[in-house]
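Observations on chain architecture
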Amino acid sequence: MKLRICHLYPDVLNLYGDRGNILCMRKRLEDRGIACEIMPLRIGETADLTRYDLFFIGGGQDFEQEVLLEDLRKGKKEELKAAVEDGRTFLCICGGYQMMGHYYETADGMRCPFLGAIDFHTVGARRRMIGNYAFSLSETSGGSTVVGFENHSGRTMLGPGVEPLGTVLRGYGNNGEDGTEGVRYHNVFGTYSHGPVLPKNPAFCDRILETALQRRYGEASLAPLAVPFEKAAHEAALAQVKLRRKPRRGRSSAWL
Ligand code: GLN
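Summarised in this report is the structure supplied together with it. Please read all numbers here as calculations on a predicted model, not as lab measurements.

Along the protein chain, the regular secondary structure elements total five helices and 14 strands. For a compact globule of 256 residues, the expected C-alpha radius of gyration is about 18 Å, and the protein chain comes in at 17 Å, within 12% of that figure. The principal-axis extent of the C-alpha atoms belonging to the protein chain is close to 50 × 45 × 30 Å. When the 256 residues of the protein chain are sorted by exposure, 54% land in the buried category.

As structure tokens, this is what we get:
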């Protein structure tokens with residue numbers, strides 16, 4: 001078995017070590033004897049996206065996201081939308097997540113028309129949402145607790161009926177108001193979680209890999225791996241989240 005992973009814009013969208021998610025997915029596949037081919041796809045480069053099982057897009061600053069607009073418009077936009085509707089797996093982090101929606105309006109009022117692959121939009125503001133945070137994945141995505149780090153000005157508002165990736169346990173998530181975090185649409189996993197998010201959330205990583213394996217090979221369930229320190233890393237991050245100031249008035253915190 002083999003999975004082909006396309007790493008989109010590795011030269012532009014790579015905040016807070018987000019490329020570590022690629023290394024984690026490759027390691028967790030190879031530890032199970034599953035081959036993994038990773039192809040970077042940079043600005044100005046083209047490729048047959050139907051060759052790939054999984055797409056990864058990391059986070060970026062406002063100006064970096066603006067740099068992508070021309071490249072998306074030139075062709076990748078339609079191919080990426082087709083890949084989403086084709087059920088190919090995506091892991092999109094922060095700016096890469098915002099890119100999947102209709103638009104991202106920066107805090108300076110610059111509107112970036114993005115893919116429109118999923119019905120949501122994002123509006124930036126002066127006050128940034130920063131800190132260690134935690135959320136619980138929806139049952140569709142496995143139901144585990146994810147710990148991570150967020151740093152975004154964008155407030156993402158999901159369209160009617162669009163499923164969030166999970167529910168905020170502590171922190172801001174999509175917008176700091178409605179308790180949602182990220183998005184799940186077909187096999188697109190969008191999240192604000194930097195870090196990289198996957199090494200300290202192995203159940204989340206395996207769920208993402210399983211969706212890509214299932215699409216390519218039919219049924220696929222990955223047996224748990226006995227990785228030393230994995231649990232300790234998750235627990236240590238969780239302890240950091242619990243130290244975070246109590247949520248502001250008016251926002252229930254399901255867990256803390
Ligand atoms: N520039 C976007 C924002 O501030 C995304 C930031 C990021 O990818 N960390 O919301």
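Moving on: the site of the ligand. The local shell around the ligand holds 16 residues, among which D62, Q65, C94, G154 and H194 are the closest. D62 is positioned with one of its side-chain polar atoms (N or O) 2.5 Å from a nitrogen atom of the ligand. Measuring from an oxygen atom of the ligand, one finds a backbone N or O atom of G95 at 3.0 Å. Protein coverage of the free-state accessible area of the ligand, which is 300 Å², stands at 99%. Mapped onto the shell around the ligand, the elements with two or more residues apiece are α2 (62–85), α3 (95–98) and β9 (145–152). Across the shell around the ligand, the residue classes break down as three nonpolar, eleven polar and two charged.

At a closest axis distance of 10 Å, the pairing of helix α1 (residues 20–30) and helix α4 (residues 202–217) adopts a crossing angle of 70°. By the angle between their directions, the pair α1 and α4 is classed as roughly perpendicular. Facing α1, whose interface residues are C24, M25, R28 and L29, α4 presents P202, C205, D206, I208, L209 and L213.

Within a sheet, each strand pairs with its neighbour through backbone hydrogen bonds, oriented either parallel or antiparallel. Sheet architecture is open: four strands sit in the order β6-β5-β7-β10, paired in mixed fashion. On the outer flanks of this sheet lie β6 (111–113) and β10 (155–158), each paired with one strand and no other. Across this sheet, the average inter-strand angle for adjacent strands is 15°, counted without regard to direction. Two strands pair when backbone bridges link them, and strand β5 (residues 103–105) and β6 are joined in this way by three bridges, in the antiparallel orientation. Note on β6: the bridge partner recorded for Y103 is P113.

Definitions and limits used
- Residues numbered from 1 in each chain as written.
- Predicted model: local features only at pLDDT ≥ 70, side-chain atom pairs only at ≥ 80, totals over all residues.
- Heavy atoms only, no water.
- Helix = DSSP H or I, 4+ residues; strand = E, 2+ residues; numbered from the N terminus.
- Rg over C-alpha atoms; globule rule 2.2 N^0.38 Å.
- Buried < 20%, exposed > 50% of the residue type's maximum accessible area, 1.4 Å probe, protein only.
- Near = heavy atom within 4 Å.
- Polar contact = N/O pair within 3.5 Å; in protein donor to acceptor, adjacent residues only side chain to side chain.
- Areas by Shrake-Rupley, 256 points an atom, 1.4 Å probe, with all protein chains shown as cover.
- Nonpolar A, V, L, I, M, F, W, Y, C, P; charged D, E, K, R; others polar.
- Axes fitted to C-alpha atoms, helices over the stretch in contact; angles between N-to-C directions.
- Parallel < 35°, antiparallel > 145°, perpendicular 65-115°, else oblique.
- Contact = heavy atoms within 4.5 Å.
- Pairing = 2+ DSSP bridges.

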